[in-house]
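As a plain string of letters, each chain reads:
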Amino acid sequence: MGVPFPDIDPYEVLLVEKSATPIEIKRAYKRLCLKYHPDKLQQNQSEPEVDQDFFAKVQFSYSILSDGVRRQRYDQTGNLAEFDMDEEDGFNWKEYFDSLNDKITIDMIQEDKVKYQNSEEEKQDIISNFIYYEGDFLKLFELIPHLEFTEEEEARAFKIIESELPDIEESLDLQTLKSWEKYKKSRKTKVRQMLKKLAKEAKEAEELEKMIKDKGKRKLRNESDLGALIRSRQANRLDDLINTLETKYVDKKGSKRGRAEVDDDEFERIQRDMLKNKKKV
């Protein structure tokens, strides 16, 4: 088969910049895969409806950008139609998509985390991004899969850099070394600041969630109060109407006139007025 999605921009699909590093592309791909896998969407009914082909587009985009040769060719031409030539190399897109049938589950995510952390792959990802971002250590926690900022994880990533640094120090530029030395000198402060920032964000998220729930409760309560208010006004209006009628049909001595004293036309008009007012409230 030819190229399945010749008109898409793989960078836009994966939500990455054209300058994205391989690890950024890989991280974006994993995130989208875990979120938009068809089996995952079926499990999560609250997820907004998305393009049925979106998962396939994610897979296709990653197959382009994760391959150095394909990515370079796309960057040069900006045209995916050129990839029809891949069929000459024996690459079959249909077989490729048909093979993507793994179910994404919480257990699978945890399993991936266990396999990835402390692996050679993770170590190389940490080192390559440390070099690419010129020693910006905290940037690693935004990029490395499953690496979340805690005191324990910070210490683990720090140890990896320290242990690998002697082997790569000669190849590092001055800016990278300066950034690393600066972080080491202010490490305790940086860790404390980051933990405070994360705690603040967690508190704000908790307060926002509580506010949303309270807003929902207030809405229900307000709707109940509104109903009571409407019923009260209905009763008051009917009472006012009855009082008006009683006043109108009370003689000067204070005794009420009997209904027989009201002619039929007047009585029917009064009934129509009462029904009309009842419908308005």
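Just above, that's the structure.
As a starting point, this report considers the structure included with it. (Residues numbered from 1 in each chain as written. Predicted model: local features only at pLDDT ≥ 70, side-chain atom pairs only at ≥ 80, totals over all residues. Heavy atoms only, no water.)

Another point: the overall build of the chain. Regarding its fold elements, the chain presents 13 helices and zero strands. Counting across all 281 residues of the chain, residues that qualify as buried make up 31%. Roughly 19,700 Å² of accessible area belongs to the chain as shown, and the carbon and sulfur atoms make up 50% of that amount. (Helix = DSSP H or I, 4+ residues; strand = E, 2+ residues; numbered from the N terminus. Buried < 20%, exposed > 50% of the residue type's maximum accessible area, 1.4 Å probe, protein only. Areas by Shrake-Rupley, 256 points an atom, 1.4 Å probe, with all protein chains shown as cover.)

For helix α8 (residues 120-132), spanning 13 residues, the distance from its first C-alpha to its last is 18 Å, which sits close to the expected 18 Å at 1.5 Å a residue. Of all the residues in α8, the buried ones are E122, D125, I126, I127, N129 and F130. E134 sits one or two positions beyond α8 and adopts a positive phi of about 50 degrees. (Expected span 1.5 Å × (residues − 1).)

This part covers the environment of Q124. By secondary structure assignment, the location of Q124 is in helix α8. Residue classification places Q124 among the partly exposed residues on the basis of a relative accessible area of 40%. When the C-alpha atoms of Q124 and I160 are compared, they prove to be 9.7 Å apart, with 36 residues separating the residues in sequence.

This next bit is on the packing of helix α10 (residues 151-168) against helix α11 (residues 174-185). Orientation of α10 relative to α11, taken along the N-to-C sense of each, is 135 degrees, at an axis distance of 13 Å. On the basis of the axis angle, α10 is oblique to α11. Considering the relative orientation of α10 and α11, their crossing is left-handed. Of the residues in α11, those touching α10 at E154, F158, I161, E162 and L165 are W180, Y183 and K184. Looking at the contact of α10 with α11 residue by residue, the class counts come to five nonpolar, no polar and three charged. (Axes fitted to C-alpha atoms, helices over the stretch in contact; angles between N-to-C directions. Parallel < 35°, antiparallel > 145°, perpendicular 65-115°, else oblique. Left-handed = near helix turned anticlockwise from the far one by under 90°. Contact = heavy atoms within 4.5 Å. Nonpolar A, V, L, I, M, F, W, Y, C, P; charged D, E, K, R; others polar.)

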